[in-house]
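Structure assessment
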Amino acid sequence: MARTITRRWLDALRSLWSRGDADLDGLDEELAHHMERLERAGLACGLNEHEARAEAHRRFGDVRRARRRTAGVIRKEQHMLKIAIVLGGLVLIGSPVAAWSLALEDQTWQKVAPFTGVRFEAGAVLVEHAGDWWRLDAIEGVAADELYAASALAFGPDLAEKRMSEDIAEVLGAAGVEAGRTVSMTLAPVAGGAPQVFGDVEMTRDNRRRVWADRSDIRANDARWSRVAPYTGLVLEGGVVRVEHNGVWHELLAIDGVETPALIASAAAAFGEERIEKRLGEDIAQVLLAAGVAPSETVTLHLRTPAGVSIEVTGVSMDAEKRDELWRSRHPARD
Amino acid sequence: MPDAADILPGTLDLMILAVLAGAPEHGYGIARAIHARSGASLLVEEGTLYPALRRLEKKGLLEGAWRQSEANRRARYYTLSAEGSRRLAGETDRWKRSAGAVERVIAGVAPGPQQERA
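Remember, it's a predicted structure, so these values are computed and weren't measured experimentally. (Residues numbered from 1 in each chain as written. Chains lettered and ligands numbered in written order. Predicted model: local features only at pLDDT ≥ 70, side-chain atom pairs only at ≥ 80, totals over all residues. Heavy atoms only, no water.)

1. Some points on the overall build of chain B
From N to C terminus, chain B includes 4 helices and 5 strands. Secondary structure elements of chain B occur, N-terminal to C-terminal, as β-α-β-α-β-α-β-β-α. Taking all contacts inside chain B whose residues are at least 6 apart in sequence as the whole, residues at least 24 apart take part in 50%. Carbon together with sulfur atoms contributes 55% to the accessible area of chain B, which is approximately 7200 Å² in total. (Helix = DSSP H or I, 4+ residues; strand = E, 2+ residues; numbered from the N terminus. Contact = heavy atoms within 4.5 Å. Areas by Shrake-Rupley, 256 points an atom, 1.4 Å probe, with all protein chains shown as cover.)

2. So, the packing of helix α1 (residues 11-20) of chain B against helix α3 (residues 49-58) of chain B
Residue and element names in this part refer to chain B. The contact between α1 and α3 brings their axes to 10 Å, and the two run at 70°. Of the possible angle classes, the one that applies to α1 and α3 is roughly perpendicular. Here α1 contributes Leu-12, Asp-13, Ile-16 and Leu-17 to the contact with α3, which in turn contributes Leu-49, Ala-52, Leu-53, Arg-55 and Leu-56. By residue class, the composition of the contact of α1 with α3 is 7 nonpolar, no polar and 2 charged. (Axes fitted to C-alpha atoms, helices over the stretch in contact; angles between N-to-C directions. Parallel < 35°, antiparallel > 145°, perpendicular 65-115°, else oblique. Nonpolar A, V, L, I, M, F, W, Y, C, P; charged D, E, K, R; others polar.)

3. Regarding the packing of aromatic side chains
Throughout the structure, instances matching the rule amount to 3 aromatic pairs over all chains. With a centroid separation of 6.1 Å and an interplanar angle of 65°, the aromatic rings of Phe-120 of chain A and Tyr-148 of chain A are classed as edge-to-face. Of the two residues, Phe-120 of chain A sits in strand β1 (residues 117-121) while Tyr-148 of chain A sits in helix α5 (residues 144-155), which places them 28 residues apart along the sequence. Accessibility expressed as a relative area gives 23% for Phe-120 of chain A, which makes it partly exposed. Here Arg-32 of chain B stacks its cationic end above the ring of Tyr-28 of chain B, 4.8 Å away from the centre of that ring. A cation sits over an aromatic face here: Arg-67 of chain B above Tyr-77 of chain B, 5.2 Å from the ring centre. (Phe/Tyr/Trp six-rings, centres within 6.5 Å; stacked < 30°, edge-to-face > 60°. Buried < 20%, exposed > 50% of the residue type's maximum accessible area, 1.4 Å probe, protein only. Lys NZ or Arg CZ within 6 Å of the ring centre and 35° of its normal.)

4. Structural notes on unusual backbone geometry
Residues and elements named next belong to chain A. With a phi angle near 55°, Asp-200 is a residue other than glycine that sits in the positive phi range. With relative accessibility at 64%, the residue Asp-200 sits in the exposed group. Of note in this structure, Asn-246 is not a glycine but carries a positive phi near 50°. Here Asn-246 shows up in the loop between β8 (240-245) and β9 (248-255).

5. Digging into the interface of chain A and chain B
Facing 24 residues of chain A, the contacting portion of chain B comprises 24 residues. Each partner contributes to the roughly 2200 Å² buried at the junction of chain A and chain B, and carbon and sulfur atoms together form 54% of this total. The partner of Glu-30 of chain A in a salt bridge is Arg-54 of chain B, with the nearest N and O atoms 3.0 Å apart. At the boundary of chain A with chain B, the tally comes to 9 residue pairs in polar contact (both at pLDDT 80 or more). With 13 residues, helix α1 (residues 2-44) of chain A is the largest single contributor of residues to the side of chain A that touches chain B. Split into classes, the residues belonging to the side of chain A that touches chain B amount to 9 nonpolar, 5 polar and 10 charged. (Buried area = accessible area lost by both parts, 1.4 Å probe. Salt bridge = Lys/Arg side-chain N within 4 Å of Asp/Glu carboxyl O. Polar contact = N/O pair within 3.5 Å; in protein donor to acceptor, adjacent residues only side chain to side chain.)

6. Looking at the nonpolar core
Core analysis: the biggest nonpolar cluster contains 33 residues, and Ile-16, Ile-30, Ile-34, Leu-49, Leu-53 and Leu-62 of chain B have the highest contact counts within it. Contributions of two or more residues to this core are made by α1, α2 (49-60) and α3 (63-92) of chain A together with α1, α2 (27-37), α3 and β5 (74-80) of chain B. Setting aside residues up to four positions removed in sequence, Leu-49 of chain B forms contacts with Leu-12, Ile-16, Gly-27, Ile-30, Ala-31 and Ile-34 of chain B. Tyr-231, Leu-234, Leu-252 and Leu-263 of chain A belong to the second-largest nonpolar core, a separate cluster that totals 28 residues. (Core = buried A, V, L, I, M, F, W, Y, C linked by side-chain atoms within 4.5 Å.)

7. Regarding the pairing of strand β6 (residues 196-202) of chain A
Residue and element names in this part refer to chain A. Examined bridge by bridge, strand β5 (residues 182-189) and β6 share 5 bridges and lie antiparallel to one another. Bridge assignment links Val-183 to a residue of β6, and that residue is Val-201. Between β5 and β6, which pair antiparallel one after the other, the connecting turn spans 6 residues, and Gly-192 there sits at a positive phi close to 110°. (Pairing = 2+ DSSP bridges.)

8. Topic: α1 of chain B
Within α1 of chain B, 9 of the 10 residues are buried, which leaves the element mostly enclosed by the surrounding structure. By the burial criterion, the buried members of α1 of chain B are Thr-11, Leu-12, Asp-13, Leu-14, Met-15, Ile-16, Leu-17, Val-19 and Leu-20 of chain B.

9. Observations concerning the pattern of salt bridges
All names here are of chain A. All chains considered together, the criterion is met by 25 salt bridges over all chains. Note that Glu-312 is salt-bridged to Arg-205, the shortest N-O span being 3.2 Å. In this pair, Glu-312 is assigned in strand β12 (residues 310-317) and Arg-205 in helix α8 (residues 205-214), connecting sequence segments 107 residues apart. As a salt-bridge pair, Arg-209 and Asp-206 come within 3.9 Å of each other at their nearest N and O atoms.

10. Focus on the sheet that holds β5 of chain B
Residue and element names in this part refer to chain B. An order of β2-β5-β4 is seen for the 3 strands of this open sheet, with the pairing classed as antiparallel. Each edge of the open sheet is held by one strand with a lone partner, namely β2 (25-26) and β4 (62-68). Bridge analysis of β2 against β5 gives 2 bridges, and the strand direction is antiparallel. Within β5, the position partnered with Glu-25 by the bridge is Tyr-78.

11. A few points about the pairing of strand β7 (residues 233-237) of chain A
All names here are of chain A. In this structure, β7 lies alongside β8, joined through 5 bridges in antiparallel fashion. Across the sheet, Leu-236 pairs through a bridge with Val-241, a residue of β8. Connecting β7 to the next strand, β8, in antiparallel fashion are 2 residues, including Gly-238 with a positive phi near 55°.

Here it is as structure tokens:
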């Protein structure tokens, strides 16, 4: 029975991978059909071959861009299906921990950026790239205003700027483009001048962290971060911090890339040696600020599970309820 | 002929669904239908149709299948699904209400002079 299920699962995987190539081949045929029909229409109107081809390209627009954006939609769908099949299979054959880790790992690509700073000024999007500020014209051929519109549609007008700054991979996804490890950016000098295309710009977590820090002044004054926590319990014993996440106690290795020893040092420097445990638990947003990282609605927890597996949990909410629960566990007499 | 205008954001999906309410069509045919039905008033960069078609297909509003085209070539035809028909009815109603409201707001404004072409 188990062998049959495993075989079916492997067959599904194999078929999905080969279908991916077939879908992209089909897309090429589909676009070629459209271009051919446009060219034939031009010839029928009396244009010569060269003119007909030029007219077809004018009406169709950038073929490579259309292909890239459509392929992005196709790949995104297949990617989700693959994840579902792989996870389902791993759970079926008895590896729920591996499946869980894989699911978590798959989310980590979202916390990356190709630029190190973002500003929204007078209707333009300015980004910092290679130490200079530029006007952003497009990423992967998608115009900056289209990206902004996609961000506003997907996440709401209030979060459009935040998401475009901090979650550009998700915004590209919302615009129908699957972000890879690198992207192309079309940037124009802020002082004026012709736009330049920067190909193969790496999407890195370090860039994204710098965007986050750059926007810290926006968040630092936000009262929302004064009494929130991403976990419901915390203890510090012999330099090891253990936190309660979803009812399970894990060793805390890092928050948003800031490793535990650095968090401890920041808490000590900002609030004193005797209050480290209290501040890590009840005022983690302030500790993160002291460590040079601005807090946000969600954080990434790097944990070591009770089974000794190192995992990253992204999108963990920083909320008041968790902080209240943590506070009550630390002050039972006052409850 | 009026100057060609860009498509308003969010309306491409609605127009694709409306064209396909008549009969299954391939991408080229959809582009031609939008062009013809708008009286050549709308400027559609035809390549933008394809991400929209695949997105609508992914949402279950369209179904795509390969068939022989009228030009005797293999082409991918899109058909409106039952869910797509329901969405089209809802979005059409919403669009008409919005457009009617805007129309009433601008009703008293006199049209500006025609811009001279270079």
